[in-house]
Amino acid sequence: MAPIKLHDKSFDTYLSEAVIQEKIRELAARINADYQGKRPLFIAILNGSFMFAADLFKHLTIDAEICFIKLASYKGMKSSGNVVTAIGLDQDLFDRDIVIVEDIVDTGKTLHDFLPKLSHQQPASLRIASLLHKPEATQFPLQIDYVGFSIPNKFVVGYGLDYDGLGRNLKEIYQLA
Ligand code: 5GP
C-alpha cells in the first residue's frame with residue numbers, strides 16, 4: 001500500500017487490518033481459555049488502546065467487565081520516580097482478576113510506574129495485554145502476558161496510535177518511513 005503522510009512525516013504500511021484482526025482473535029481465544037469460569041475486569045489505558053480494547057472485547061465469550069482510564073504522571077515531591085494518577089479508576093480491585101489493556105509497551109515506564117498502584121489494592125491476579133511490544137526499547141522489564149506483535153524500535157501510528165494527534169483512525173498500523 002502507498003505510504004501515508006501525517007503532519008511532516010511519511011509512514012509505510014506495517015501491519016494490515018487483516019493481520020491485526022487475526023492476531024486479536026488469537027489473543028481473545030487465549031484469554032477466553034485462561035479465564036474460563038472467572039469474571040475478569042479489563043482496564044484499558046486511554047487514549048491509544050481504545051480500538052484494540054474494543055476489538056478484543058468483541059471476541060470475548062467469557063463474562064468480563066471493562067473500564068477505561070487515563071494515566072497522568074507528575075514528579076513526586078519526595079520520591080525519585082514519577083507519581084502516576086489513574087483518572088477514572090473507581091472500581092474496587094480487591095480480589096478481582098485484572099487484565100490491563102495497552103496499545104504499546106515501549107520502555108515499560110508507564111506500566112512500571114502504574115502497576116504498584118494496582119497491586120496495592122490486592123487484586124486476585126494481574127496480567128497485561130499489549131497489542132504491540134518493542135523489546136529493544138525496554139528499560140523497565142515487565143511480564144507482558146498477552147503480546148500481539150513484537151516490533152522493532154521504530155515509531156508506529158494507526159489503529160488508535162497517533163503522531164501528534166493524527167493517525168488514530170487508521171485501520172492498519174504504519175511505521176515511520
Ligand atoms: P512506555 O512508557 O512503555 O515507554 O510508553 C508507553 C506509551 O508511549 C504508549 O502507551 C504510547 O502512548 C507511547 N508510545 C510508545 N511508542 C510509541 C510509538 O511507536 N508510537 C506511538 N504513537 N506511541 C508510542
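Residues numbered from 1 in each chain as written. Predicted model: local features only at pLDDT ≥ 70, side-chain atom pairs only at ≥ 80, totals over all residues. Heavy atoms only, no water.

Novice: Just give me the short version of the overall build of the protein, but keep the residues and values in it.
Specialist: For the protein, the count of helices and strands is 3 helices and 10 strands. If you list the helices and strands of the protein from N to C, you get β-β-α-β-α-β-β-β-α-β-β-β-β. A compact globule built from 177 residues would reach a C-alpha radius of gyration of about 16 Å, and the protein, at 16 Å, matches this within 12%. In terms of its C-alpha atoms, the protein occupies a principal-axis envelope of roughly 50 × 45 × 25 Å. Taken over 177 residues, the protein has a buried fraction of 44%. Here the protein displays about 9,200 Å² of accessible surface, and carbon together with sulfur accounts for 51% of that area. (Helix = DSSP H or I, 4+ residues; strand = E, 2+ residues; numbered from the N terminus. Rg over C-alpha atoms; globule rule 2.2 N^0.38 Å. Buried < 20%, exposed > 50% of the residue type's maximum accessible area, 1.4 Å probe, protein only. Areas by Shrake-Rupley, 256 points an atom, 1.4 Å probe, with all protein chains shown as cover.)

Novice: So, the site of the ligand: which residues are in play, and what are the values?
Specialist: Taken together, 15 residues are adjacent to the ligand, and T107, T110, K134, V156 and D162 come closest. At 2.8 Å from an oxygen atom of the ligand is found a main-chain nitrogen or oxygen belonging to G108. Here an oxygen atom of the ligand sits 2.4 Å away from a polar atom, N or O, in the side chain of T110. Protein contacts shield 79% of the accessible area of the ligand, which totals 510 Å² for the unbound molecule. Mapped by element, the contributors of at least two residues to the shell around the ligand are strand 6 (97–105) and helix 3 (109–119). Counting residues per element, the shell around the ligand draws most heavily on strand 6, which supplies 4 residues. Residue composition of the shell around the ligand, grouped by class: 5 nonpolar, 3 polar and 7 charged. (Near = heavy atom within 4 Å. Polar contact = N/O pair within 3.5 Å; in protein donor to acceptor, adjacent residues only side chain to side chain. Nonpolar A, V, L, I, M, F, W, Y, C, P; charged D, E, K, R; others polar.)

Novice: Tell me what's going on with the pattern of salt bridges, and back it up with residues and numbers.
Specialist: Any two side chains of opposite charge can pair if their charged atoms end up close together. Under the defined criterion, the tally for this structure stands at 10 salt bridges. In this structure, the salt-bridge partner of D8 is K9, at a minimum N-O distance of 3.3 Å. Note that R168 and D162 form a salt bridge whose closest N and O atoms lie 3.3 Å from each other. Residue R168 is classed as partly exposed on the basis of its relative accessible area, which comes to 21%. By relative accessible area, which is 22% here, D162 ends up partly exposed. Each of R39, E65 and R96 takes part in a single network of salt bridges with overlapping partners. (Salt bridge = Lys/Arg side-chain N within 4 Å of Asp/Glu carboxyl O.)

Novice: Account for unusual backbone geometry, naming residues and giving values.
Specialist: Here the bond from L46 into N47 is cis, since omega is 0°, no more than 30 degrees from zero. One non-glycine residue, H7, lies in positive phi territory at about 50°. As for its placement among the helices and strands, H7 is situated in the loop between strand 1 (4–6) and strand 2 (9–15). The backbone of Q122 shows a phi angle near 55°, a positive value even though the residue is not glycine. Looking at where Q122 falls in the secondary structure, it is placed in the loop between helix 3 and strand 7 (125–133). By relative accessible area, Q122 is classed as exposed at 53%.

Novice: An account of the packing of aromatic side chains is requested, with residue identities and associated values reported.
Specialist: Counted by the stated rule, this structure contains 4 aromatic pairs. Ring centres 5.9 Å apart and planes at 55° place the aromatic pair F11 and Y163 in the tilted group. Separated by 152 residues along the polypeptide, F11 in strand 2 and Y163 in the loop between strand 9 (156–157) and strand 10 (173–176) bring together distant segments of the chain. Seen in terms of ring centroids, F42 and F57 are 6.0 Å apart; in terms of plane orientation they differ by 80°. Their pairing is edge-to-face. One end of the pair, F42, is in strand 3 (residues 41–46); the other, F57, is in helix 2 (residues 50–58), with 15 residues separating them in the sequence. What makes F42 buried here is its relative accessible area of 1%. Members of the aromatic cluster, joined through ring pairs, are F11, F155 and Y163. (Phe/Tyr/Trp six-rings, centres within 6.5 Å; stacked < 30°, edge-to-face > 60°.)

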